[in-house]
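This is what each chain is made of:
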Amino acid sequence: AAAPPGGGRSEISKRFSRHFHMLCLPSASVAVLKSIFEGILGGYLVSAKFAKDTQGLTSSIVTSTIGIYHRMADELRPTPVKSHYTFNLRDVSKVFQGCLMVKSKQAPNSKTFAKAWVHETLRVFCDRLINNDDRSHFTHLVAEFIGRNFSLGWKHEDLFETELPLLWCDFLRPAMDDGTIYEEVKDIQSPRKVLIESLDDYNMTFPTQMKLVFFEDAICHICRISRVLRQPRGNAMLCGVGGSGRQSLTRMACFLGEVKAIQIELTRGYGL
């Protein structure tokens, strides 16, 4: 209930705290975090019958994720302009939640699964960063951990300076009996084609027509929103200037994921 004082949080007076039993919860140590997340990820990779070389990545992925989290929390502190730069253990668990959406068929080898992990770190940490300097700082940080903990021979330019951004989504193919297929986007035309067809279906289904142009950034944003919508308890806050397409892209992502979009509207009879 009470975080340590500082950063806008004031001391709790003894007159107030005397009414309570006080429990102090220290931060989990690196060894505890590794034990928890290696159990989760390692168990999934074995039960989902991933290849042996992919199962061998468990320790590297967990160590790198925890290392990235600690470095981000230390080096990118919240300021008045970046008040949302508050990284906590929920972010670490979100990375693994994303990795657990990948099936063994879509990641037949260790390189593909490692790419999926990099993609999830980008979605969880990098999407929150507000300028190119911070994003560059993050991508070089990921490249540093990959060089240190993985024997894949990847450098920064192999992952983050390619023509097509690293992107995974679940709407390229129709959903199967066991759910949607979360896979890597290998060329930008595949999602664009699906989105153009879905937009036609949307405009035939709903009376309010949407006229959208699916340029690369719009496609990336829809992939991000649909990723959040397919996660249990997934939530996102879309920041941008008015007219930048937050509502339209959210409606499009909801339509793709067959999720009902509800918008609160102030009307004359608006009450509780």
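Scroll up to find the structure this text is about.
Everything numeric in this text was worked out from a predicted model, so none of it was measured.

Peer 1: Hey, could you run me through helix α10 (residues 216–229) in this one?
Peer 2: One full turn of an α-helix is made of 3.6 residues, so residues set three or four places apart face in the same direction. The end-to-end C-alpha separation of α10 is 20 Å, in line with the 20 Å expected for 14 residues at 1.5 Å each. By the burial criterion, the buried members of α10 are A218, I219, C220, I222, C223, I225, S226, R227 and V228. If you follow the buried residues of α10, they end up packed against α5 (89–99), α6 (110–124), β1 (168–169), α9 (189–205) and α11 (246–256).

Peer 1: Explain the environment of I146 here, please?
Peer 2: Note that I146 resides in helix α7 (residues 132–149). Separated by 16 residues in sequence, I146 and I130 place their C-alpha atoms 24 Å apart. Residues contacting I146, with those up to four places away along its chain left out, are W117, V118, W154 and L159.

Peer 1: How should I be thinking about unusual backbone geometry in this particular structure?
Peer 2: Most peptide bonds adopt trans geometry, and most residues besides glycine take a negative phi value. Backbone geometry places K49, a non-glycine residue, at a positive phi of 60 degrees. Assignment of secondary structure puts K49 in the loop between α2 (30–47) and α3 (52–55). Judged by its relative accessible area of 71%, K49 is exposed. A positive phi angle is found at E258, which is not glycine, with a value near 55 degrees. Inspection of the secondary structure assignment puts E258 in the segment after α11.

Peer 1: How should the pattern of salt bridges be read in this particular structure?
Peer 2: A side chain of one charge can pair with a side chain of the opposite charge when the charged atoms of the two come close. With the rule as written, the count across this model stands at 12 salt bridges. Here R173 ties to E183 by a salt bridge, and the two come within 2.9 Å at their closest N and O atoms. You can see R173 sitting in the loop between β1 and β2 (183–184) and its partner E183 sitting in strand β2, a full 10 residues away along the chain. Looking at E183, the relative accessible area reads 11%, which means it is buried. One connected set of salt bridges, linked through shared partners, spans R71, E75, E144 and R148.

Peer 1: It is not clear to me how the packing of aromatic side chains should be interpreted in this structure. Could you clarify?
Peer 2: Aromatic rings considered in pairs are described by the distance between their centres and by the relative angle of their planes. Applying the stated criterion across every chain, the model contains 12 aromatic pairs. Plain terms: the ring middles of F37 and F96 are 4.8 Å apart, the flat faces sit at 15 degrees to each other, and that makes the pair stacked. Placement of F37 in helix α2 and of F96 in helix α5 is noted, with a sequence separation of 59 residues between them. Residue class for F37 comes out buried when judged on its relative accessible area of 8%. The exposure class of F96 is buried, given its relative accessible area of 2%. Three or more aromatic residues joined by ring pairs form one cluster here, namely Y85, F87, F125 and F138. Of note, R148 hangs over the ring of F145, and the distance from its end group to the ring centre comes to 4.7 Å.

The rules behind these values
Residues numbered from 1 in each chain as written. Predicted model: local features only at pLDDT ≥ 70, side-chain atom pairs only at ≥ 80, totals over all residues. Heavy atoms only, no water. Helix = DSSP H or I, 4+ residues; strand = E, 2+ residues; numbered from the N terminus. Expected span 1.5 Å × (residues − 1). Buried < 20%, exposed > 50% of the residue type's maximum accessible area, 1.4 Å probe, protein only. Contact = heavy atoms within 4.5 Å. Salt bridge = Lys/Arg side-chain N within 4 Å of Asp/Glu carboxyl O. Phe/Tyr/Trp six-rings, centres within 6.5 Å; stacked < 30°, edge-to-face > 60°. Lys NZ or Arg CZ within 6 Å of the ring centre and 35° of its normal.

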